[in-house]
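Take a look at the letters that make up each chain.
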Amino acid sequence: MAELKEGDAEQLHQEDVDIKGGGVSDTLVPEERQLAEDDASSASSTVGKTEALAGDNDAKPSTTTSDRHISIQTKLEGLEVLTDLNGAGRKACPLCPEEKFKACYSHKLRRHLQNLHWKVYVEFEGQKMCICHLPCRQLRPSPSPNGDQAPGRLVAHYHCVVCSVTIARKTDMISHLKRHVNKGETEASYSGSSDVPFEEPAPSGQAYEIMKELGTNVQLMPNHTTPQKTDTYFNRKMKTNRQLVFCSLAVLAEERNPLESLDAFGATGIMGLQWAKHLRNAVKVTITDINEVCVKMIRENCNLNHIRVEGSRGSSRVPDGGAGDVDGVPIATVEVAKMDANVIMHLRSFDYIHLDPFGTAVNYLDSAFRNIRNLGIISVTSTDTGSLYSKSLNVTMRHYGSNIVRTEYYKELAARMVLATVARAAARCNKGIEVLLAVAVEHFVLVVVRVLRGPTQADESAKRIRQLIHCQWCEERVFLKQGSMVEENLYRQLPCNCHGSMPGKTAVELGPLWSGPLFNSGFLRRMLFAAVQHSMEDIQPLVKTLICESECTTLKSSVHGPTALTNQVECGVVIKVQKVEESGTTDHSGKRKTGDEPGNVVKKLKSDGSLEHPAFYYGIHRHSIRGMNMPKLNRFLQYLTEAGFRVSRTHFDPTGVRTDATLDQFKSVLTKYSVPTYTNTTATQNPEETVRAME
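All values derive from a computational prediction rather than experimental measurement. (Residues numbered from 1 in each chain as written. Predicted model: local features only at pLDDT ≥ 70, side-chain atom pairs only at ≥ 80, totals over all residues. Heavy atoms only, no water.)

Engineer: Help me understand the overall build of the chain in this model?
Structural biologist: On a plain count of helices and strands, the chain comes out with 24 helices and 23 strands. Each of the 695 residues in the chain was classed as buried or not, and the buried ones make up 46%. In the chain, the proportion of contacts linking residues at least 24 apart, taken out of those at least 6 apart, comes to 65%. For the chain, the accessible surface area stands at approximately 36,000 Å², while carbon and sulfur atoms represent 51% of it. (Helix = DSSP H or I, 4+ residues; strand = E, 2+ residues; numbered from the N terminus. Buried < 20%, exposed > 50% of the residue type's maximum accessible area, 1.4 Å probe, protein only. Contact = heavy atoms within 4.5 Å. Areas by Shrake-Rupley, 256 points an atom, 1.4 Å probe, with all protein chains shown as cover.)

Structure (structure tokens):
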């Protein structure tokens, strides 16, 4: 009998273990087996809660967990299923401890789940993360003055659907999910227990967002807008920069054909693909990047645009009847290389080099000027606005070796500082520069220079690097003359009298900066012709403003001059471009003629540039008179022109005026045509009305 009792006890114990462990005995009938499975699932969830209490709440759980947390649901009914609301009696909340929310009847519990937990959920890919009050997350206990350890306080929190970490605030959870998206982590850490099954990931060719710009398609990764989280960074706001660079390359392609161009920092390869797709055989494009992911993305984008990748057989998947190809032949050929920018510029020679790293480009200037061909072009894009716009002065001194302060003309100050750094790098390679374009808009500074070989050209460029004397009271400025290095002569070179009337040190020495012109009028006109030819309507107003700024004239006088024809909208474009083409483009052939000498070629290039424009500009609002209404900007430009000064608007500042007038002359014209804000109407009133108005 004792042996039978022991056998029965072991059998009952084994059945109890099977039920708690999730297994079901084969001796049970189907109805009993289903009840046992339900009990086992509830027991496993209870065990999971107990294990969560024992673990470290601040530590990130493992992403290999098989079950999601009960606070993550897809519908409100999912929360109601956690407890039997249709049954009788009082029921406890599945997301609140007993001491926080006592057991209540079904109607009250339903309102509690809907108004507290479900109302403040955070949604991610169809999954709702409800607020949880269970003891999954506790604040660390703070020691009391008596030395006793107080218990930890419970904190309401969310469970992340991706990594299962607990976060207290809703805004922090939203930011946490955005970081997952930027990293490309969009798949939940659980599997099998979701109400809505997850779809299988799309193929690699369709998993990315496809963006089209200037007729060129590129694939973008989900985190392409965050440079810290991705290698294939793409900025949609740099469209203006890409179009300006394209127009400058198109102008050079007219001078020499074919030419070799380099996009040193490919990323997605959008810029190099635009060159190859629109300029075709006139340009041999090379795209490089040091990152393997970027190189792979560039090759895929080449296939997407029916462009053959040089040196890789079978990599160009050109569909039948594709747009832009003839009989299945790729429209262009691009060389893609995984190589550091400094290395490839040291090894090979190019006619056109574009540098657009993330931040400053000072680390690549020496390599760019080492093997650039004579009369080639280098374009440099700098996005380190913190150091360029005098927000981080120590970084400015470290990168550019210049001392600057915040002024009203800070954008042009940044462009001249970058040009001074470029000129010094060229001079170290016995080369000079001719500035073709300097633009500072939005969050980047773009400079385009032509390279002139020879120590004579290098000396001429080095002479244009000077110090700037800036008055901190009236913001008058003038470049320091060569040989005037005595501190006492700084104030004498300024045309203002602030040193004698104001206390303390009024002038400060800035620089070194580029003191030469920032634009080449003939080159800009050919850029405008290229923008019209390739249907770039976005940058045409900007290029027209640059043309007027280079000549220091208004748009009206430039377009509606004596050479204007009937069509006044396009006459400024067509006539000026034709004149430039007749006199300039035939002189710049790809191969130098036998009768052309280097000195003659340089003279022809310099003939494209018009009269040198004045340096810097004045802000009309900065120098307005208190109590006076100043005239409209266009009317004020007309007044300055009638006074005999050269004047134009500037792209650096929408309210800036570039003129050769001094600050005193500028203010005198502004004062002459300003109207007082308040008129003497009170003097004509009756004395009683005046007293009443004063009261």
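Engineer: Before we go on, may I ask you to explain the state of the cysteines in this structure?
Structural biologist: Here, disulfide denotes a covalent bond that connects the sulfur atoms of two cysteines. Tallied over the full model, the rule gives 0 disulfides. Looking at C498, it has no disulfide partner, and the nearest cysteine sulfur is the one in C474, 3.5 Å off. (Disulfide = S-S within 2.5 Å.)

Engineer: Looking at this structure, I do not really get the sheet that holds strand β9 (residues 283–289). What am I missing?
Structural biologist: For sheets, the rule is that strands pair by backbone hydrogen bonds, running either parallel or antiparallel. The 8 strands lie next to each other as β10-β11-β9-β8-β12-β13-β15-β14, forming an open sheet whose pairing is mixed. In the strand order of this sheet, the two ends are held by β10 (307–309) and β14 (431–441), each with one partner. This sheet shows a mean twist of 20° between the axes of neighbouring strands, independent of strand direction. Along the sheet, helix α13 (residues 410–428) makes contact with β13 (372–382), β14 and β15 (444–453), crossing β14 at roughly 155°. (Pairing = 2+ DSSP bridges. Axes fitted to C-alpha atoms, helices over the stretch in contact; angles between N-to-C directions.)

Engineer: Mind showing me how you'd approach the side chain of S390 here?
Structural biologist: Along the polypeptide, S390 turns up in the loop between α11 (385–388) and α12 (393–400). Owing to a relative accessible area of 15%, S390 belongs among the buried residues under this scheme. Discounting chain neighbours no more than four positions away, the residues touching S390 are I404, V405 and R406.

Engineer: Quick question: what am I supposed to make of the sheet that holds strand β18 (residues 507–514) here?
Structural biologist: With respect to topology, 3 strands assemble into an open sheet ordered β17-β16-β18, the strand pairing being antiparallel. Lying at the two open borders of the sheet, with one neighbouring strand each, are β17 (477–479) and β18. Each neighbouring strand pair of the sheet contributes to a mean axis angle of 25°, computed without reference to strand direction. Where strand β16 (residues 465–471) and β17 come together, 3 bridges link them in antiparallel fashion. Its bridge partner being in β17, L468 is matched across the sheet by F479.

Engineer: Where do I start with the packing of helix α17 (residues 521–533) against helix α18 (residues 540–551) in this structure?
Structural biologist: If you want to describe how two helices pack, look at the angle between their axes and the distance between the axes. Where α17 contacts α18, the axes come no closer than 9 Å and their chain directions differ by 165°. The pairing of α17 with α18 is recorded here as roughly antiparallel in orientation. α18 is crossed by α17, and the crossing has left-handed handedness. In this structure, α17 contributes S521, L524, R525, L528, A531 and V532 to the contact, and α18 contributes Q540, V543, K544, L546, I547, S550 and E551. Class assignment for the residues of the contact of α17 with α18 results in 7 nonpolar, 3 polar and 3 charged. (Parallel < 35°, antiparallel > 145°, perpendicular 65-115°, else oblique. Left-handed = near helix turned anticlockwise from the far one by under 90°. Nonpolar A, V, L, I, M, F, W, Y, C, P; charged D, E, K, R; others polar.)

Engineer: Help me understand the confidence of the model for the chain in this model?
Structural biologist: Caution applies to low-pLDDT parts of the model: their predicted coordinates are not meant to be read in detail. Mean pLDDT over the chain stands at 76; residues scoring 70 or higher make up 69%. Low pLDDT (under 50) marks residues 1–6, which in the prediction has 0 contacts with non-local residues, meaning those over four places away or in another chain. (pLDDT = per-residue confidence, 0-100.)

Engineer: I would appreciate a short explanation of the pairing of strand β11 (residues 332–338) in the present structure.
Structural biologist: Extensive coverage of β11 is indicated by the burial of 5 of its 7 residues. Pairing analysis gives 5 bridges linking β9 to β11, with the strands arranged parallel. Paired with T288 across the bridge in β11 is A337.

Engineer: I tried to follow the nonpolar core on my own but got confused; where do I start?
Structural biologist: Considering soluble globular proteins, one finds that nonpolar side chains tend to be buried as a cluster. One finds M345, L355, F369, I378 and I433 to be the most contacted residues of the largest nonpolar core, which totals 109 residues. For this core, the leading source of residues is α13, giving 11 residues. Counting residues domain by domain, this core receives three or more from each of domain 2 (209–311 + 331–482 + 491–514) and domain 3 (521–551). Listed in part, the 24 residues of the second largest apolar core include A507, L637, L640 and A661. (Core = buried A, V, L, I, M, F, W, Y, C linked by side-chain atoms within 4.5 Å. Domains from an automatic or database assignment.)

Engineer: Where do I start with the environment of L663 in this structure?
Structural biologist: Its location among the elements puts L663 in helix α23 (residues 663–672). Remark: the alpha-carbon pair of L663 and Y617, spanning 46 residues in sequence, is separated by 9.9 Å. Not counting residues up to four positions away in its chain, the partners in contact with L663 are C474, E476, Y618 and H623.

Engineer: What's the story with the UniProt feature "domain: C2H2-type" (unreviewed entry) in the chain in this structure? I'm lost.
Structural biologist: Cross-referencing UniProt, the feature "domain: C2H2-type" (unreviewed entry) maps to residues 158–185 in the present numbering. Secondary structure across residues 158–185 comprises 46% helix and 14% strand; the distance between its end C-alpha atoms is 18 Å. (UniProt positions renumbered as here; feature names shortened; annotations may be inferred.)

Engineer: Honestly, the environment of D356 in this entry has me stumped. Any pointers?
Structural biologist: You can see D356 is positioned in the loop between β12 (350–355) and α10 (365–370). Not counting residues within four places of it along the chain, the set of residues in contact with D356 comprises M238, N241, F265 and T381.

Engineer: I'm lost on the packing of aromatic side chains in this one. Help?
Structural biologist: In this description, an aromatic ring pair is defined by two values, namely the gap between the centres and the angle between the planes. Taken as a whole and assessed by the stated rule, the structure comprises 10 aromatic pairs. Considering the side-chain rings of F265 and Y364, the 4.9 Å spacing of their centres and the 80° angle between planes classify their relative orientation as edge-to-face. Of this pair, F265 sits in the loop between β8 (259–263) and α7 (270–279) while Y364 sits in the loop between β12 and α10, and the two are 99 residues apart along the sequence. Here F265 falls in the partly exposed class, since its relative accessible area comes to 22%. Summarising the aromatic geometry, the rings of Y409 and F616 are spaced 4.6 Å apart at their centres and angled 55° between planes, so their arrangement reads as tilted. With Y409 in the loop between α12 and α13 and F616 in the loop between α21 (598–608) and β19 (618–619), this pair connects stretches of sequence that are 207 residues apart. When sorted by exposure, Y409 lands in the same class as F616, which is buried. A network of ring pairs unites the aromatic residues Y409, F479 and F616 as a single cluster. Across from the ring centre of Y410, 3.8 Å away, lies the NZ or CZ of R406, which sits over that ring. Here the guanidinium or amino end of R416 rests over the ring plane of F616, the centre of that ring lying 5.1 Å away. (Phe/Tyr/Trp six-rings, centres within 6.5 Å; stacked < 30°, edge-to-face > 60°. Lys NZ or Arg CZ within 6 Å of the ring centre and 35° of its normal.)

Engineer: Can you help me understand the packing of helix α6 (residues 239–255) against α17 in this one?
Structural biologist: At a minimum axis distance of 9 Å, the contact between α6 and α17 shows a crossing angle of 105°. Of the possible angle classes, the one that applies to α6 and α17 is roughly perpendicular. Across from L244, C247, S248, A250, V251, E254 and E255 in α6, the residues of α17 making contact are F523, R526, M527, F529, A530 and A531. Class assignment for the residues of the contact of α6 with α17 results in 9 nonpolar, 1 polar and 3 charged.

Engineer: Can you help me understand the pattern of salt bridges in this one?
Structural biologist: Oppositely charged side chains can pair when the atoms bearing their charge come close. Tallied over the entire structure, the rule returns 18 salt bridges. Note that R450 is salt-bridged to E255, the shortest N-O span being 3.1 Å. Of this pair, R450 sits in strand β15 while E255 sits in helix α6, and the two are 195 residues apart along the sequence. Residue R450 shares its accessibility class with E255, and that shared class is buried. (Salt bridge = Lys/Arg side-chain N within 4 Å of Asp/Glu carboxyl O.)

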